[in-house]
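# Structural characterization, general
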Amino acid sequence: MGFPTIRPRRLRRTKELRALVRETTLAPDDLVLPLFFNAAIDVPHPVTTMPGVSQLPVSHAATEARRIVERGVGACILFGLPRAKDPEGRAGLDPEGPVPRAIRAMKDAVPELVVMADVCVDEYTDHGHCGVLRTLPSGIVEVDNDRTLEILAEMAVVFARAGADVVAPSDMMDGRVGKLRVALDASGFESTSILSYAVKYASAFYGPFREAADCAPKFGDRAGYQMDPGNAREALREAALDEAEGADMLMVKPALPYLDVLRAVRDSTTLPVGAYNVSGEYAMVHAAADRNMIDLDRATMEILTSIRRAGADFILTYHALRAAELLGA
Ligand code: PBG
């Protein structure tokens, strides 16, 4: 007498049974919508490489805030395109710049909306790098870590003063989380959270974003400060450092090519962990769907569920509004 056949399929028979035993769920309030505010435009300007995504004029901020809460999306994260750029990214420190103005408009319209602001100079520098440059005696040009920290700290305070709930440094300079925490506390913003882009790889998948935020480096690449795709142990070191420096939340970026890293970071900390489903990941799905190679909505939900399954508490994604609609919130 053999054993009876073990039948996992019993629990897959109906959608109700499948829902009952589902391990990973996705909800609109797990999602964070990235937005690009451009100081120099009066009407939305479509980003050609990202179907459905546009740079927005600041005058649209309040409407956008209402749309996000109506769909039940958890938060938004703001990027800015200034009118003019310089080598140090000083436009990012202007309280009348696109991001501070958009934050104020969104928080005035919908005070409960969680507003995050990306802290980095690449959107504001004329050379497009994530820091201030210096030339070494050897003639090599590199990003000056510690001078960049001063600007980042000032930028975080400007965004906090405008009303950001969360500031999110994405520059990958060493020591920036501690620097931001001290600066925020010293200015009375001890309640403003820091979401650190703790584990950020030098990735080809940021291509469309660089059009959206007009921040492609004019020379060289970002491999001198962003992480090497081959490294996973280093991700845990970066995460631990940012936690020790006072980060409230950690992020892994990009998401899909680094789900193993996301899982490892999730298992190494008790802090909330987010993942950034970046512009290139979004563009790929749209490109394939446009050619009828895959179903856009099904692929979107499968991707977002997989990022959650790998350990993300929340996901930054350009799919946020559509996914929330599909989830029926
Ligand atoms: C840097 C920053 C980048 C992204 C978010 N913040 C670009 C980069 O490092 O080159 C990429 C996000 C995306 O691709 O969706 N401020």
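The structure we're discussing is the one just above.
This write-up is about the structure you can find in this document. (Residues numbered from 1 in each chain as written. Predicted model: local features only at pLDDT ≥ 70, side-chain atom pairs only at ≥ 80, totals over all residues. Heavy atoms only, no water.)

## Topic: the packing of helix α9 (residues 279-290) against helix α10 (residues 296-309)
Keep this limit in mind: To obtain each axis, a line is fitted to C-alpha atoms, and for helices this fit is confined to the stretch in contact; angles are then taken between N-to-C directions over 0 to 180 degrees. Elements are defined by DSSP. Helices are runs of H or I of four residues or more, strands are runs of E of two residues or more, and each kind is numbered from the N terminus. Reported orientations rely on four angle classes, namely roughly parallel under 35 degrees, roughly antiparallel over 145, roughly perpendicular from 65 to 115, and oblique for the rest. Here is the rule for handedness: rotate from the far helix to the near one, and if that takes an anticlockwise turn smaller than a right angle the crossing is left-handed, while a clockwise turn gives right-handed. Pairs of residues are marked as contacts when any of their non-hydrogen atoms sit within 4.5 Å. Amino acids outside the nonpolar list (Ala, Val, Leu, Ile, Met, Phe, Trp, Tyr, Cys, Pro) and the charged list (Asp, Glu, Lys, Arg) are all regarded as polar, and Gly is one of them.
The geometry of α9 relative to α10 is characterised by a closest axis approach of 9 Å and an angle of 155° between their N-to-C directions. By the angle between their axes, α9 is roughly antiparallel relative to α10. You can see that α9 and α10 cross each other, and the crossing is right-handed. Here Val285, His286 and Ala289 of α9 lie close against α10, whose contacting residues are Leu296, Ala299, Thr300 and Ile303. Grouping the amino acids of the contact of α9 with α10 by side-chain chemistry returns five nonpolar, two polar and no charged.

## A closer look at the site of the ligand
For clarity, the threshold we go by: Here a residue is considered near a molecule or strand provided that any single heavy atom belonging to it is located within 4 Å of it. Any pair of N or O atoms that falls within 3.5 Å is considered a polar contact. Within protein, one atom must be able to donate a hydrogen and the other to accept it, and sequence-neighbouring residues count only if both atoms are side-chain atoms. Per-residue and other accessible areas were derived by the Shrake-Rupley procedure at a 1.4 Å probe size, with only the shown protein chains allowed to occlude residues.
Taken together, 18 residues form the shell around the ligand, and within it Lys200, Arg210, Lys253, Ser279 and Tyr318 come nearest. Interatomic distance of 3.0 Å between a side-chain N/O atom of Ser170 and a nitrogen atom of the ligand. The contact in question runs from a nitrogen atom of the ligand to an N or O atom on the side chain of Lys253, over 3.3 Å. Here the ligand has 400 Å² of accessible area as a free molecule, and 100% of this is covered by the chains.

## Some thoughts on the packing of aromatic side chains
Ring pairs (aromatic) are described by centroid distance and by the angle formed between their planes. Note the following rule: Pairing of aromatic side chains requires ring centres within 6.5 Å, counting the rings of Phe and Tyr and the six-membered ring of Trp. Pairs whose planes differ by under 30 degrees are stacked, by over 60 edge-to-face, and all others tilted. For each residue, the accessible area found with a 1.4 Å probe, counting protein chains only, is set against the maximum for its type, and the residue is called buried under 20%, exposed over 50%, and partly exposed in between.
As enumerated under the stated definition, the model contains eight aromatic pairs in all. Relative to Tyr318, the ring of Tyr276 has its centre 6.1 Å away and its plane inclined at 40°; by these criteria the two rings are tilted. Placement of the pair is Tyr276 in strand β11 (residues 273-277) and Tyr318 in the loop between β12 (314-317) and α11 (320-326), with a sequence separation of 42 residues. Tyr318 matches Tyr276 in its accessibility class, with the two residues each being buried. Taken together, Phe36, Phe79, Tyr197, Phe209, Tyr276, Tyr282 and Tyr318 form an aromatic cluster joined through their ring pairs.

## Considering helix α2 (residues 61-71)
For the record, the criterion: Throughout, the arc means the angular range of directions from the helix axis out to the C-beta atoms.
Those residues of α2 that sit buried are Ala61, Ala62, Glu64, Ala65 and Ile68. Each buried residue of α2 lies within a common arc of 160° when the element is viewed along its axis, so the set occupies one face. Residues of α2 that are buried sit in contact with β1 (31-38), β3 (54-56), β4 (75-81), α3 (98-109) and α11.

## Some words on a positive patch on the surface
Note the cut-off: Residues with no salt bridge and a relative accessible area higher than 30% make up the patches, which join like charges within 9 Å and nonpolar side chains (Val, Leu, Ile, Met, Phe, Trp, Tyr) within 5 Å. When a carboxyl oxygen of Asp or Glu is within 4 Å of a side-chain nitrogen of Lys or Arg, the pair counts as a salt bridge. His residues and chain termini do not enter the charge count, which takes Lys and Arg as positive and Asp and Glu as negative. Where a charge sits is defined by one atom per residue type, namely NZ (Lys), CZ (Arg), CG (Asp) or CD (Glu).
On the surface, Arg7, Arg9, Arg10 and Arg12 cluster together into a patch of positive charge. Residue position: Arg12 is located in the segment before α1 (15-21).

## Brief notes about helix α4 (residues 145-162)
Selection criterion: Residue count minus one, scaled by 1.5 Å, sets the expected span of a helix.
Taking 1.5 Å as the rise per residue, α4 with 18 residues should run 26 Å; its terminal C-alpha atoms sit 26 Å apart, in good agreement. In terms of burial, α4 is largely enclosed, as 13 of its 18 residues are buried. The N-cap residue of α4 is Asp144: its side-chain oxygen and the backbone nitrogen of Asp146 are 3.3 Å apart. Following α4 by one or two positions, Gly163 adopts a phi angle in the positive range, close to 115°.

Coordinates in, geometry out; function isn't part of it.
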